[in-house]
Structure formats: structure tokens, C-alpha cells
Amino acid sequence: MPGGDGYRDLKKMVGELGLHTVCQSAGCPNIGECWNNRALTVMILGDICTRSCRFCDVKTGRPLPVDEGEPKRVASMLASLSLSHTVITSVDRDDLADGGAEIWAETLHACHLAAPDMTIEVLVGDFKGAVKDIDTVIDARPDVFGHNLETVPRLSKQVRVQARYDRSFAVLERGRQRGMLTKTGLMLGLGETEAELHEVIGQLAKLGLSILTLGQYLSPTRSHLPVERYVHPDEFAALKTFALGLGIRHVESGPLVRSSYHAEGQSELVARLLAESRPS
Ligand code: SF4
């Protein structure tokens, strides 16, 4: 069970502001460690997702109307924590014409104003492939543009029922076309093979992906997909070596790695990657 002063303070603050975090909504196993380090991943656009991915414990259903005050409350909370780096994600809002892109942009603008030195990583959905909505988020200047592939192409339909691997890959491609530092994550232990992982990592390296996370899938409840296999830490280490060898610049790989794990210490990494990515 999570505990500690940092954890309790953050829990109170999030609750009082009526905000949501993926840490709580997805039942992340790292919440005690992360929150005691004042690292959390805010989840915007409410806490009810219009999709029903079979690995994810976030509530599914008909979302509440958009909360227009959410961007400012998110910005004020993150500013009060004096973070150097943060990760913001959202539920999928297929019920909105723009998939929530405008609220994403407002949230980023409010955060830039409230905490100008904080670097911001976004972990977005696929916006059903709508380039104009993806661009709305990118135009609001996140420092890292993240979208998770979650699994290999063969398992994608089974794991992310309403999503498509090629559409997700195109989201990352758009990020690269727009010159963003891009990031994605894969869960291991869903039945993927090493050859399939090598192929996906190869495609990501070719794309110029900057940051890759690899973590063990854990089944949140019995109604979610079962864990096919617990992957040995040596295999995580070997995949990290493989990905770095292909040129992906930063790889977090291990059983408890999540896309936002240890993100609080990443402002220097982001600054370094941004500097390296600028033409000399
Ligand atoms: S790993 Fe990410 S989702 Fe999990 S508790 Fe840490 S910040 Fe939250």
C-alpha cells in the first residue's frame, strides 16, 4: 500500500482541485515511489475514456462534459509543485469533434505561463489519426511528444480494441515530421515474440524516435487480458542494448517501467536531447 507524506500531500491536492491522474486511475504500481518524489502524471479531459483497451484500468463509458476550468487548475497545481519536468496525458475523447485537442492546447499554454521553466512531455491518444488535431497539440509546444504503441502489430487489435497499429505509428511519424522529440512505450508479456519486438524497435529507430520505454504488462483485474509471461530482467536489459545499438537515444527498460516512470529526473535528459536534435 502506498504511504508517506509526499504521497498523502499529493493525494489531497489532486482531490481538492478535482483533477485526475493516470497514476490513480490506472492503478500504477509505482505510485508510492513516484508521488513521494512529487512526480505524477496528470490525466486531462476527465477520468472516463471512450475506448476500452483490454490492458487499461481507466474507466470506460460516456464522459462528462468538458471542464473548461481544468487547464488552469492543472497549471496551477503543477506550478505549485515547482517541477522541472512533468508528464501530462489524457483519456481518449472520441465523443469530441477535435478529440480534445483544444483543451490539450489550452492546458499547455496555461502550464507555459504558470511554470515557464518546466519542461512538458505529452502522452496523447491517436486523435483517430486526424493530423489537424495532432498539430493543434504540437503547435502548443510540448517538449516531448509521446504516443504509446503499447504492443506489436499482431496483437494490437486484441490489446487496443478501437485503435490501429499503423494509425498509432503515423501519430509518431507526424511528431517527427514536425521536428518533435518523440517517445513511445511498449508493454511486454502479452504474447509478443522477440523477433516482433526487434522489428518494431527497428522501425522506431528508423523513424528517429528519441525515447523508448519497455515495461512488464500487469493485468489490472481478471476481466483484463491475462499476463502471458513474466519477462526476465535480463531480457529487458538485452532489449535496451538492442535499441540503443540501433540509435534510439534513451531507453528505459525493466519490469516496473511505465511511460512516465522516473520522468521527474528527465528535464536534463530532455534538454540534452533537444540540443542534440538541433541542426549544428
Ligand atoms: S510511473 Fe507514471 S503513472 Fe505510475 S505512478 Fe509514476 S508517474 Fe504515475
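Residues numbered from 1 in each chain as written. Predicted model: local features only at pLDDT ≥ 70, side-chain atom pairs only at ≥ 80, totals over all residues.

A. Expanded view of the overall build of the chain. For the chain, the count of helices and strands is 11 helices and nine strands. Viewed in the frame of its principal axes, the chain has a C-alpha envelope of about 50 × 45 × 40 Å. When burial is assessed residue by residue, the chain has 44% of its 280 residues classed as buried. (Helix = DSSP H or I, 4+ residues; strand = E, 2+ residues; numbered from the N terminus. Buried ≥ 20, exposed ≤ 12 C-beta atoms within 10 Å, placed from the backbone.)

B. Highlighting the nonpolar core. Formed by 74 residues in total, the largest nonpolar core has its most connected members in V74, W104, C111, V137 and L212. Among the elements that line this core, the one with the most residues is helix α5 (residues 101-114), at seven residues. For V137, the residues in contact, after removing those within four places along its chain, are A101, W104, A105, V122, V124 and P142. (Core = buried A, V, L, I, M, F, W, Y, C linked by C-beta atoms within 7 Å. Contact = placed C-beta atoms within 7 Å.)

C. Representation of the site of the ligand within the structure. The environment of the ligand is made up of V22, C23, C28, N30, I31, C34, A39, L40, T41, R258, S260 and Y261. Considered class by class, the residues forming the shell around the ligand number eight nonpolar, three polar and one charged. (Near = placed C-beta within 6 Å. Nonpolar A, V, L, I, M, F, W, Y, C, P; charged D, E, K, R; others polar.)

D. Region of interest: the packing of helix α9 (residues 194-207) against helix α10 (residues 233-245). Running from N to C, α9 and α10 cross one another at 30 degrees; their axes reach a closest spacing of 9 Å. Note that α9 runs across α10; the crossing there is right-handed. Contact with α9, carried on its side by L197, H198, I201 and A205, involves L239, F242 and A243 of α10 and no other residues of that element. Looking at the contact of α9 with α10 residue by residue, the class counts come to six nonpolar, one polar and no charged. (Axes fitted to C-alpha atoms, helices over the stretch in contact; angles between N-to-C directions. Left-handed = near helix turned anticlockwise from the far one by under 90°.)

E. Main features of the sheet that holds strand β6 (residues 144-146). Across the sheet, seven strands lie side by side as β1-β4-β5-β6-β7-β8-β9; this open sheet has parallel pairing. Two strands in the sheet have a free side with no partner beyond their single neighbour: β1 (41-44) and β9 (250-253). Looking at each pair of strands side by side, their axes are set apart by 20 degrees on average, direction ignored. Alignment of strand β4 (residues 85-90) against strand β5 (residues 119-123), held across five bridges, turns out to be parallel. Each residue of the ladder has a partner; that of I88, found in β5, is V122. Sheet contacts for α10: β8 (211-216) and β9; angle to β9, the most-contacted strand, approximately 170 degrees. (Pairing = 2+ DSSP bridges.)

As far as function goes, none of this settles anything; it's purely spatial.
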